[in-house]
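One letter stands for each residue in the lines below.
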Amino acid sequence: MFRHVYVLSLLVLLAINTVSAVDYAVTNRASETAGGARFTGDIGIDYSKQTLASATDFIWRTFQQTNAADRKDVQTVNLFIDVMDGVAYAIKNEIHVSNNYLGNYSGDVRSEITGVLYHEMTHIWQWNGNGQAPSGLTEGIADFVRLKANYAPSHWVQAGQGDRWDQGYDVTAKFLDYCNDLRNGFVAELNMKMRTGYSAQYFVDLLGKTVDQLWNDYKAKYGQ
Ligand SMILES: *[C@@H]1O[C@H](CO)[C@@H](O)[C@H](O)[C@H]1NC(C)=O
């Protein structure tokens, strides 16, 4: 009897895992180029897949999405190393990374690409207010995740720097980090609200102040 229950629970667990697991595929379409060869030599497909999986876990935890119903419905994430300029971008369930960026990067390219993958993977999972959220905010949230995962590069702005709260990237990430310190889980709650739409009122709802007031407080805190 005990054994039957045990086997049954194991089967149920297995079934749940099969349903909720995400598949990752990595394709190097630039292997003939210097950057593509560097990807193979210094990063590799196995490490990339592991990083995509750990990024997903980290993002779900950061967004406090404990149930599948809280998350975007994505079954497969495809990573491509492509012949292109720029750094990387995410579209639908795909991440594209530039071979030229990898080839020209001076420094620890594996650690850099790990940070880039955390950022791009956040775009796969985050809500964007049904397309209404400012892109500076969605880019800021992607860099906030990268910051919290400890993959922020040293050239990022210091806390308090920047011209506008929705400037995007590192500027907005550091501001969101300040907001998140005011209310633990703020970014997770903001992302949840952005499932169906976007309003600047969300800052007031969660923190009791307008986003402009928060930005002023933030600048004042760091003497800017
Ligand atoms: C660096 O980037 C340029 C173009 O952006 C490219 O032509 C060149 O091949 C790249 N160098 C390496 C080593 O990848």
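Further up the page is the structure itself.
Notes on the structure in this doc start here. (Residues numbered from 1 in each chain as written. Predicted model: local features only at pLDDT ≥ 70, side-chain atom pairs only at ≥ 80, totals over all residues. Heavy atoms only, no water.)

**A look at the overall build of the protein**
Note the cut-off: Numbering goes from the N terminus for both helices and strands, where a helix is a DSSP run of H or I of at least four residues and a strand is a run of E of at least two. Residue burial is assigned from relative accessible area. The probe radius is 1.4 Å, only protein chains are included, and a residue is buried under 20% of its type maximum, exposed over 50%, and partly exposed in between. Working rule for contacts: check all heavy atoms of both residues, and any pair within 4.5 Å makes them a contact. Only the protein chains shown count as cover for residues, with accessible areas throughout obtained via the Shrake-Rupley method and a probe of 1.4 Å. In summary, the charge assignment counts Lys and Arg as positive and Asp and Glu as negative, without counting His or the chain termini. Taken as the charge location is NZ of Lys, CZ of Arg, CG of Asp or CD of Glu.
The helix and strand tally for the protein stands at ten helices and four strands. When the helices and strands of the protein are read in sequence order from the N terminus, they spell out α-β-α-α-β-β-β-α-α-α-α-α-α-α. Across its three principal axes, the protein shows a C-alpha extent of roughly 60 × 55 × 30 Å. Looking at the protein residue by residue over its 224 residues, the buried ones come to 47%. Intrachain contacts of the protein at a sequence separation of at least 6 include 66% that bridge at least 24 residues. As presented, the protein carries roughly 11700 Å² of accessible surface, and 50% of it is formed by carbon and sulfur atoms. With 19 positive and 24 negative side-chain charges, the protein shows a spacing of 5 Å between the two charge centroids.

**Re the side chain of Asp-170**
In plain terms, the rule: One speaks of a salt bridge when a side-chain nitrogen belonging to Lys or Arg is within 4 Å of a carboxyl oxygen belonging to Asp or Glu.
On the secondary structure map, Asp-170 appears in helix α7 (residues 169-182). Although Asp-170 is buried, it makes no salt bridge; Lys-174 carries the closest opposite charge, 6.9 Å away. The contacts of Asp-170, once residues within four sequence positions are left out, are Asp-143, Trp-156 and Val-157.

**Looking at the pairing of strand β1 (residues 23-28)**
The cut-off we apply is this: A strand pair is defined by DSSP finding two or more bridges across the two strands.
The alternating pattern of β1 places Tyr-24, Val-26 and Asn-28 on a buried face and Asp-23, Ala-25 and Thr-27 on a face that is not buried. The pairing of β1 with strand β2 (residues 76-82) spans six bridges and is parallel. Residue pairing for β2: Thr-27 is matched across the bridge by Phe-80.

**Concerning the sheet that holds strand β4 (residues 94-98)**
What counts, and what does not: The angle between two axes is taken between their N-to-C directions and runs from 0 to 180 degrees, where each axis is a line fitted to C-alpha atoms and a helix contributes only its stretch in contact.
If you walk across this open sheet you meet the four strands as β1-β2-β4-β3, and the pairing is mixed. At either margin of the open sheet sits one strand with a lone partner, and together these are β1 and β3 (88-91). Sheet twist, expressed as the average angle between the axes of neighbouring strands with direction ignored, equals 15°. Relative to β4, β3 runs antiparallel, the two sharing four bridges. Bridge assignment links Ala-90 to a residue of β4, and that residue is Ile-95.

**What to know about the site of the ligand**
Under the convention used in this document: Being near a molecule or strand, for a residue, comes down to having at least one heavy atom within 4 Å of it. Whenever a nitrogen or oxygen atom comes within 3.5 Å of another N or O atom, the pair is scored as a polar contact, on the condition that within protein one atom can donate a hydrogen and the other can accept it, and that pairs from neighbouring residues in sequence are kept only if both atoms are in side chains.
In the neighbourhood of the ligand, the contacting residues comprise Ala-34, Asp-85, Asn-100, Gly-103 and Asn-104. Asp-85 is positioned with one of its side-chain polar atoms (N or O) 2.9 Å from an oxygen atom of the ligand. Contacts to the ligand include Asn-104, whose side-chain N or O atom sits 2.3 Å from an oxygen atom. Protein chains bury 49% of the 360 Å² of accessible surface belonging to the ligand in isolation. Per element, the largest residue contribution to the shell around the ligand is three residues, and it comes from helix α4 (residues 99-104).

**What to know about the packing of helix α6 (residues 135-148) against α7**
Short version of the rule: Angle categories: roughly parallel below 35 degrees, roughly antiparallel above 145, roughly perpendicular from 65 to 115, and oblique for all the rest. Polar here means any residue outside two lists: the nonpolar Ala, Val, Leu, Ile, Met, Phe, Trp, Tyr, Cys and Pro, and the charged Asp, Glu, Lys and Arg; Gly therefore counts as polar.
Where α6 contacts α7, the axes come no closer than 7 Å and their chain directions differ by 70°. Comparing the axis directions of α6 and α7 gives the class roughly perpendicular. Along its contact with α6, which presents Gly-136, Leu-137, Glu-139, Gly-140, Ile-141, Asp-143, Phe-144, Leu-147 and Lys-148, the element α7 presents Tyr-169, Asp-170, Thr-172, Ala-173, Lys-174, Leu-176, Asp-177 and Asn-180. Considered class by class, the residues forming the contact of α6 with α7 number seven nonpolar, four polar and six charged.

**Points about the packing of helix α3 (residues 45-62) against α6**
The N-to-C vectors of α3 and α6 enclose an angle of 105°; their axes lie 11 Å apart at closest approach. By the criterion of interaxial angle, the relationship of α3 to α6 is roughly perpendicular. Contact residues: α3 offers Phe-58, Ile-59 and Thr-62, while α6 offers Phe-144, Val-145 and Lys-148. Counted by class, the contact of α3 with α6 contains four nonpolar, one polar and one charged residues.

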